[in-house]
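Listed below are the residues making up each chain.
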Amino acid sequence: MKIGLLGYGKMGKTIEKIALARQHDIVLKVDTNTETYTLDDVDVAIDFSTPDAAVDNILKCFSHNVPVISGTTGWLQHYDEVVAMCKERDGTFLYASNFSLGVNIFFELNKTLSKLMANLPEYNISMEEIHHTQKLDAPSGTAISLAEDIIKNSKYGTWTLDAAKTKALHIDAKRIENVPGTHEVLYTSNVDSISIKHTAHSREGFALGAVIAAEWIAGKKGVFSMKDVLNIG
Ligand SMILES: NC(=O)C1=CN([C@@H]2O[C@H](COP(=O)(O)OP(=O)(O)OC[C@H]3O[C@@H](n4cnc5c(N)ncnc54)[C@H](O)[C@@H]3O)[C@@H](O)[C@H]2O)C=CC1
Ligand SMILES: O=C(O)C1=N[C@H](C(=O)O)C[C@H](O)C1
């Protein structure tokens with residue numbers, strides 16, 4: 001498969017390594033220094049760029065009839081517009097806040113736990129996410145996905161980064177040098193606590209999931225998620 005990388009930073013470079021090992025060709029690498037480029041030779045585009053750049057990159061793929069995978073976080077206020085545009089253009093699109101297979105299992109575990117805890121309001125729920133210091137957005141896209149699933153079954157109506165707002169689900173977003181991505185969900189009562197945690201040891205899990213998604217989406221039309229790729233949930 002001929003892959004175009006829209007964003008050639010930490011993730012773009014890790015995806016390149018995994019894609020080459022799986023016998024794909026990288027035919028395009030776009031970063032901030034790229035002035036113009038063509039998608040003519042690209043079978044699937046993979047966007048890991050920046051919150052400001054993602055929407056334009058994705059729409060450009062729809063215009064050129066190129067299936068696109070996006071893992072960029074921090075732009076989701078535009079998700080519904082992008083989905084509408086994909087349908088209008090008969091395009092192919094898959095977004096995931098986290099492509100790692102482990103986190104997609106963790107998402108299911110989080111949903112199940114939140115349903116089990118739904119009638120136990122004596123437990124307060126909180127979350128922690130830790131990422132490297134170059135990360136542009138907070139909380140992480142993964143933390144938002146986890147929080148949205150918890151909120152559906154809980155006493156909290158929304159999430160917050162502000163620990164003082166005790167009626168909202170608090171997400172503590174920490175930034176520590178070189179941490180690839182750690183997420184924890186914690187339930188605490190007066191008598192005990194329960195927590196579930198995912199720790200990424202490197203970026204390779206995210207990159208492998210993105211390449212698997214690109215392999216899966218080639219030749220399909222529509223809007224998909226990792227649940228479709230992994231056939232879970
Ligand atoms: N969904 C997932 O599994 C994961 C998502 N991410 C997200 O992916 C994004 C990228 O992460 P990193 O690679 O760590 O960041 P990075 O800062 O290392 O790389 C970003 C790249 O985007 C490029 N870029 C800037 N403007 C661009 C434009 N207009 N078009 C194309 N490229 C452009 C930059 O030159 C750079 O090469 C972030 O939003 C991050 O949160 C990161 C890891 C996993
Ligand atoms: O910026 C990152 O590095 C990561 N971003 C994603 C997110 O915002 O959830 C996924 C992963 O945790 C790494």
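What counts and what doesn't
For every chain, the first residue of its written sequence is number 1, and the numbers climb from 1 along that sequence. Just so you know, chain letters begin at A and ligand numbers begin at 1, following the order they were written in. With pLDDT at 70 or above as the cut-off, local features in this predicted model cover only qualifying residues; side-chain atom pairs require 80 or more to be listed or tallied, and sums for whole chains, interfaces and linings still use all residues. Near residues are defined by distance alone, with the backbone-placed C-beta atom required to lie within 6 Å of the molecule or strand. Note that Gly is not counted as nonpolar here; it falls among the polar residues with everything else outside the nonpolar set of Ala, Val, Leu, Ile, Met, Phe, Trp, Tyr, Cys and Pro and the charged set of Asp, Glu, Lys and Arg. Each domain's extent was defined by an automatic or database domain assignment. Exposure is read from a count of other C-beta atoms within 10 Å of each residue's own; the residue is exposed at 12 or fewer, buried at 20 or more and partly exposed in between. C-beta atoms are placed from the backbone. Secondary structure is summarised from DSSP: a helix means a run of H or I of at least four residues, a strand means a run of E of at least two, and numbering begins at the N terminus for each. When DSSP finds at least two bridges between two strands, those strands are taken to pair. Whether a crossover is right-handed depends on one test, that the path from the first strand over the helix to the second runs clockwise when the strands point away from the viewer.

Undergrad: What's the story with the site of ligand 2 in this structure? I'm lost.
TA: In the vicinity of ligand 2, the contacting residues are Thr73, Ser97, Asn98, His131, Lys135, Ser140, Gly141, Thr142 and Gly181. Taken together, the residues that form the shell around ligand 2 break down as no nonpolar, 8 polar and 1 charged. Residue contributions to the shell around ligand 2 reach at least three from each of two domains, namely domain 1 (2-99 + 204-230) and domain 2 (101-199).

Undergrad: How should the pairing of strand S1 (residues 2-6) be read in this particular structure?
TA: Residues in a regular strand project their side chains so that they alternate between the two faces of the sheet. With 4 of 5 residues buried, S1 lies mostly within the body of the structure. Pairing of S1 with strand S2 (residues 25-30) involves 5 bridges; the strand directions are parallel. Residue pairing across strands places Leu5 opposite Lys29, the latter belonging to S2. Viewed along the sheet, the connection from S1 through helix H1 (residues 10-21) into S2 turns out right-handed. Relative to strand S3 (residues 44-47), S1 runs parallel, the two being bridged by 4 bridges.

On their own, these measurements won't tell you what the molecule is for.
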